[in-house]
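As a plain string of letters, each chain reads:
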Amino acid sequence: MEILLYAVGIILMAIAIAVSIALHEVGHLVPAKLFNVRVPQYMIGFGKTVFSFRRGETEYGFKAIPLGGYISMIGMYPPSPAEVKEHHEEGHSGSTSPFASLAEEARAADAERMQPGDEDRLFYKLPVLKRMVIMLGGPTMNLLIG
C-alpha cells in the first residue's frame, strides 16, 4: 500500500508541475492574442508531439518530454542588422560566429512560418510596452499561482 501511495504522490506532483507550466504559458498566450500577434503553437513539453488539436489559428498540445513548454509567436526574431543594411546598400560581410549562424537559422525558420497578412501581426513590431506585457505574462502568472 505504501508503494501505491508513493506512486500516486509522484503522479500528482507531475500533474501539478504540468498545470503550473500550462498556466505560465497561458500568461504569455493571452496577452499575445489580445495584442493580435499570431500564435501558431501552444505546447506543454518538448520533443515529439504526443497529442494536439487546433482551435482557430493555434495548435494546442502535449509533447513527449514534459520538462517545460512554449508558445511560438510569429515575428519573435527581428531582421538581422545585415538584412536591414542590405536594404540600404549592396553587399555586406556576414558574421561567422556560431551564435550568429544559430540566430540566422532561427530567423529563417520564423520567416518560413509567415503567411500573407502576418506583416502587421509580428511580435517584434509591437511597441516595447506590449512586448514587455507578453514576456512578463508568464512570470506574473507564476507569482499569482504562488
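Chemist: Hey, could you go over the overall build of the chain for me, with residue numbers and the actual values?
Modeler: When its secondary structure is counted, the chain shows four helices and two strands. When the elements of the chain are put in sequence order from the N terminus, they spell out α-β-β-α-α-α. Going through the 146 residues of the chain one by one, you find that 28% of them count as buried. Summarising the internal contacts of the chain: among those between residues at least 6 apart in sequence, 60% fall at separations of at least 24. A total accessible area of about 10,000 Å² is found for the chain, and carbon and sulfur atoms account for 67% of it.

Chemist: Outline the packing of aromatic side chains, listing residues and values.
Modeler: Under the defined criterion, the tally for this structure stands at four aromatic pairs. Between Y42 and Y60, the aromatic rings sit 5.7 Å apart at their centres with planes inclined by 50°, giving tilted as the arrangement. Separated by 18 residues along the polypeptide, Y42 in strand β1 (residues 41-55) and Y60 in strand β2 (residues 58-72) bring together distant segments of the chain. Geometrically, the ring pair formed by F51 and F53 is tilted, given 6.2 Å between the ring centres and 45° between the ring planes. Grouping aromatic residues by their ring pairs yields a cluster made of Y42, F51, F53 and Y60.

Chemist: So, unusual backbone geometry: which residues are in play, and what are the values?
Modeler: Even without a glycine there, the phi angle at N36 is positive, about 65°. Here N36 shows up in the loop between α1 (2-34) and β1. Residue N36 is classed as partly exposed on the basis of its relative accessible area, which comes to 41%.

Chemist: Lay out the nonpolar core with the relevant residues and their values.
Modeler: Note that soluble globular proteins tend to have their nonpolar side chains buried in a common cluster. Ranked by internal contacts, the top residues of the largest apolar core, which has 14 residues, are A32, V37, Y42, I71, M73 and I134. For this core, the secondary structure elements donating two or more residues are α1, β1 and β2. Tallying contributions element by element places α1 first for this core, with four residues. Residues contacting Y42, with those up to four places away along its chain left out, are A22, E25, V26, L29, T58, E59, Y60, G61, Y70 and I71.

Chemist: Can you tell me about the environment of I134, naming the residues and giving the values?
Modeler: With respect to the helices and strands, the residue I134 is situated in helix α4 (residues 128-145). Setting aside chain neighbours within four positions, we find I134 in contact with G27, H28, P31, A32, F35, V37, M73, F123 and L126.

Chemist: Explain the confidence of the model for the chain to me, and be specific about the residues and the numbers.
Modeler: Mean pLDDT over the chain: 86, with 90% of residues reaching 70 or higher. Here helix α2 (residues 81-88) is the element of the chain with the lowest mean pLDDT, 58, and α4 is the one with the highest, 95.

Chemist: Please provide a residue-by-residue account of α1, values included.
Modeler: The end-to-end C-alpha distance of α1, which contains 33 residues, comes to 48 Å, matching closely the 48 Å that a straight helix rising 1.5 Å per residue would cover. Residues of α1 that are buried: I21, A22, H24, E25, G27, H28, L29, P31 and A32. Packed against the buried residues of α1 are β1, β2 and α4. Remark: N36 follows α1 within two positions and exhibits a positive phi of approximately 65°.

Chemist: Any details on the environment of P31? Residues and values, ideally.
Modeler: With respect to the helices and strands, P31 occurs in helix α1. Measuring from C-alpha to C-alpha, the distance between P31 and I134 comes to 5.4 Å, with 103 residues separating the pair along the chain. In this structure P31 touches V26, V133 and I134, once residues within four positions along its chain are discounted.

Conventions used here
- Residues numbered from 1 in each chain as written.
- Predicted model: local features only at pLDDT ≥ 70, side-chain atom pairs only at ≥ 80, totals over all residues.
- Heavy atoms only, no water.
- Helix = DSSP H or I, 4+ residues; strand = E, 2+ residues; numbered from the N terminus.
- Buried < 20%, exposed > 50% of the residue type's maximum accessible area, 1.4 Å probe, protein only.
- Contact = heavy atoms within 4.5 Å.
- Areas by Shrake-Rupley, 256 points an atom, 1.4 Å probe, with all protein chains shown as cover.
- Phe/Tyr/Trp six-rings, centres within 6.5 Å; stacked < 30°, edge-to-face > 60°.
- Core = buried A, V, L, I, M, F, W, Y, C linked by side-chain atoms within 4.5 Å.
- pLDDT = per-residue confidence, 0-100.
- Expected span 1.5 Å × (residues − 1).

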